[in-house]
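Coordinate inspection notes
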Amino acid sequence: MRLNSLAFRLFMTAALWAAIVLPLAGLLIFTIYTREVRSDFDSRIKTFLYVVLADSTASGGAVPDRPTNVGEALFEINESGWYWQIAPLEENIGKTLVSGSLATGRIPVAPVKSDIDPDVEGIRWSDGKAPNDRPIRIAQLVHRVGPEETGPAYAFIVAGPLDWVTAKSSGFRTLLAAALALAGLAFIAMTFLQVRFGLKPLRQIGVGLAEIRSGEVERLQGDLPTEIEPLQTELNALIQSNQEIIDRARTQVGNLAHGLKTPLAVITNEAADMKTPFSAKVAEQAELMRTLIGHYLDRARMAAGVTTIGRVTEVKPVAEALQRALSRIYQDKGVELTVDIPPGLRFRGEKQDLEELLGNLMDNACKWSQDKVVMKAKRISKATTGESRIKLTIDDNGPGLTDAQCAEIVKRGKRLDESKPGSGLGLSIVNDLAGLYRGSFTLSRAPSGGLRAELLLPGS
């Protein structure tokens, strides 16, 4: 998953969304749960408070009795955290009653005129500490004891351990964090699978286009989702249209070549019959016109062929066919032509263009060599993009060229030695054709002392 890929953007968007939403949702759930736990805890304390009040005033006397059945055994266990206390608010009217859990300790009584406002039931709530410094939640209710509640006022107090609330909330928080973490990991994993599955058709298109460029198929194939199917249709139509344009261009080039061939032949024949200096000049210029027209028609044909999508040519069969032909042509000269090309090496382009490139270079090498020509090829990768390339080298053991001559000879129609037959366009055609394929053509001195021609072309 590359940083600048669509899959990475979709995945990271979903992951960031999960990283933001899940903690916020967890915080909200934990806050609500803690509030509910605290509310339930207060309700439990309130229930015990009313039980203590009811049980201690059931006799109707002027002094409250000791509650005998509060309904919680922890009130009788020393320093359990659950306490009740009944304390008089006036002097000399009775003694303070406490639960067994308080032993000799006491819970501070809030005065009647206190900063703590009572709730709708008259209960004052506060947080404090037990005699053993344990944090507790305190509920205090002021009630007058006696007939028709006209007797002395007492503070009825029930307290419960706050760390019970904290422990319960902490346990829930741990479970909630673990659950949300697992949910987040599952969400991210499902998002990854969703992105991979959802973008699979786009990867199919990429593979299909690569197969078209490599010449394995001619059209984009496969069943694609409804949303992408129009793209497949348009790409296939574009490929078909491109092929039709190339075919029409080749037809036009062929028609032009055929149309010019006859008039030039007539001019040349008429000039040859006249046998005058003027006719000789006309014949010379007509031949030059034929050469230039052939060159530019070939160049137009090559340019059209380069734009064709999906044409791939096996290099070794082409080179071996040229080797056999040139060995027969230069048999009398005794040239040894060696071809060293690994099988499976493919050129991404037209077969006739590869024949044009190798034919010119191999013929030129045989023409100038003393007795030996070596052709080699290998696959390399372009450093910047990793694109497959083909490097072809053709060495001869002829006289070779200087660096200045190597730069000069690729110019159109340039010939350094008029003693050899030819128009001087061969190396220029090679240079132009290599450029059309976004490749390169260079000349240098070979290790054997002759000339080295090096081609760099797109591979498949």
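From a predicted model like this one, the values you see are computed outputs, not experimental measurements.

1. Comments concerning the overall build of the protein chain
Across its full length, the protein chain carries 9 helices and 12 strands. Across the 460 residues of the protein chain, 36% fall into the buried class. For the protein chain, restricting intrachain contacts to residue pairs at least 6 apart in sequence, the fraction spanning at least 24 positions comes to 64%. Summing over all exposed atoms, the protein chain offers an accessible surface of approximately 26300 Å²; the carbon and sulfur share of this is 57%.

2. Considering the side chain of Asp395
Looking at where Asp395 falls in the secondary structure, it is placed in strand E10 (residues 388-396). A relative accessible area of 14% means that Asp395 is categorised as buried. Side chain to side chain, Asp395 and Arg452 meet in a polar contact 2.8 Å long. In this structure Asp395 touches Lys372, Val373, Val374, Ala446, Pro447, Leu451 and Arg452, once residues within four positions along its chain are discounted.

3. Section: the sheet that holds strand E5 (residues 153-161)
Read from one edge to the other, the open sheet built from 5 strands follows the order E2-E1-E5-E4-E3, with strand pairing classed as antiparallel. On the outer flanks of this sheet lie strand E2 (97-98) and strand E3 (123-129), each paired with one strand and no other. Bridge count for strand E1 (residues 83-88) against E5 is 6 bridges, and the pairing is antiparallel. Note on E5: the bridge partner recorded for Ile86 is Phe156.

4. Quick look at the sheet that holds strand E9 (residues 372-381)
Taken together, 5 strands build an open sheet; the order of strands is E7-E9-E10-E12-E11 and the sheet is mixed. For this open sheet the edge positions go to strand E7 (336-340) and strand E11 (440-445), each flanked by a neighbour on one side alone. On average, each strand axis in the sheet is tilted by 15° relative to the strand beside it, whichever way the strands run. Relative to E9, E7 is paired through 5 bridges, and the arrangement is parallel.

5. What about the side chain of Thr313?
By secondary structure assignment, the location of Thr313 is in strand E6 (residues 313-314). Here Gly349 takes part through its backbone oxygen, which lies 2.8 Å from a polar atom of the side chain of Thr313. The contact partners of Thr313, leaving out residues within four places of it in the chain, are Val318, Leu345, Arg346, Phe347, Gly349, Glu350, Lys351 and Leu354.

6. With respect to the pattern of salt bridges
Throughout the structure, instances matching the rule amount to 9 salt bridges. One salt bridge connects Asp42 with Arg137, and the closest N-O pair in it is separated by 3.1 Å. Of this pair, Asp42 sits in helix H1 (residues 6-56) while Arg137 sits in strand E4 (residues 135-144), and the two are 95 residues apart along the sequence. By relative accessible area, Asp42 is classed as buried at 14%. Across the pair Asp395 and Arg452 runs a salt bridge, and its minimum N-O distance is 2.8 Å. On the criterion of sequence distance, the pair formed by Asp395 in strand E10 and Arg452 in strand E12 (residues 451-458) is long-range, its members being 57 residues apart. Exposure remark for Arg452: the relative accessible area of 23% places this residue in the partly exposed category. Three or more residues are tied together by salt bridges with common partners; here these are Arg38, Asp42, Asp127 and Arg137.

7. Some words on the environment of Pro67
Note that Pro67 resides in the loop between H1 and E1. We classify Pro67 as buried; its relative accessible area is 7%. Separated by 31 residues in the primary sequence, Pro67 and Val98 place their C-alpha atoms 9.5 Å from one another. Setting aside anything within four residues of it in sequence, one finds Pro67 in contact with Val52, Asp55, Ser56, Trp84 and Ile86.

8. Quick notes on the packing of aromatic side chains
Summed over all chains, the structure comprises 8 aromatic pairs. Pairing Phe41 with Trp164 gives two aromatic rings, centres 5.4 Å apart and planes at 25°, and the pair type is stacked. Note that Phe41 is positioned in helix H1 and Trp164 in helix H2 (residues 162-198), a separation of 123 residues in sequence. Between Phe75 and Trp82, the ring centres sit 6.1 Å apart and the planes meet at 75°, which makes this aromatic pair edge-to-face. Its relative accessible area of 0% is what places Phe75 among the buried residues. Taken together, the ring pairs in this structure connect Phe41, Phe48, Phe75, Trp82 and Trp164 into an aromatic cluster.

9. Topic: a nonpolar patch on the surface
Residues Trp17, Ile20, Val21, Leu24 and Phe187 make up a contiguous nonpolar surface patch of about 510 Å² in total accessible area. Ranked by the residues each element gives to the nonpolar patch, the list is headed by H1, at 4 residues. Looking at the secondary structure, you find Ile20 in helix H1. A residue is classified by how much of its surface remains accessible, and Ile20, at 52% relative accessible area, is exposed.

What counts and what doesn't
- Residues numbered from 1 in each chain as written.
- Predicted model: local features only at pLDDT ≥ 70, side-chain atom pairs only at ≥ 80, totals over all residues.
- Heavy atoms only, no water.
- Helix = DSSP H or I, 4+ residues; strand = E, 2+ residues; numbered from the N terminus.
- Buried < 20%, exposed > 50% of the residue type's maximum accessible area, 1.4 Å probe, protein only.
- Contact = heavy atoms within 4.5 Å.
- Areas by Shrake-Rupley, 256 points an atom, 1.4 Å probe, with all protein chains shown as cover.
- Polar contact = N/O pair within 3.5 Å; in protein donor to acceptor, adjacent residues only side chain to side chain.
- Pairing = 2+ DSSP bridges.
- Axes fitted to C-alpha atoms, helices over the stretch in contact; angles between N-to-C directions.
- Salt bridge = Lys/Arg side-chain N within 4 Å of Asp/Glu carboxyl O.
- Phe/Tyr/Trp six-rings, centres within 6.5 Å; stacked < 30°, edge-to-face > 60°.
- Patch = residues over 30% accessible without salt bridge, like charges linked within 9 Å, V, L, I, M, F, W, Y side chains within 5 Å.

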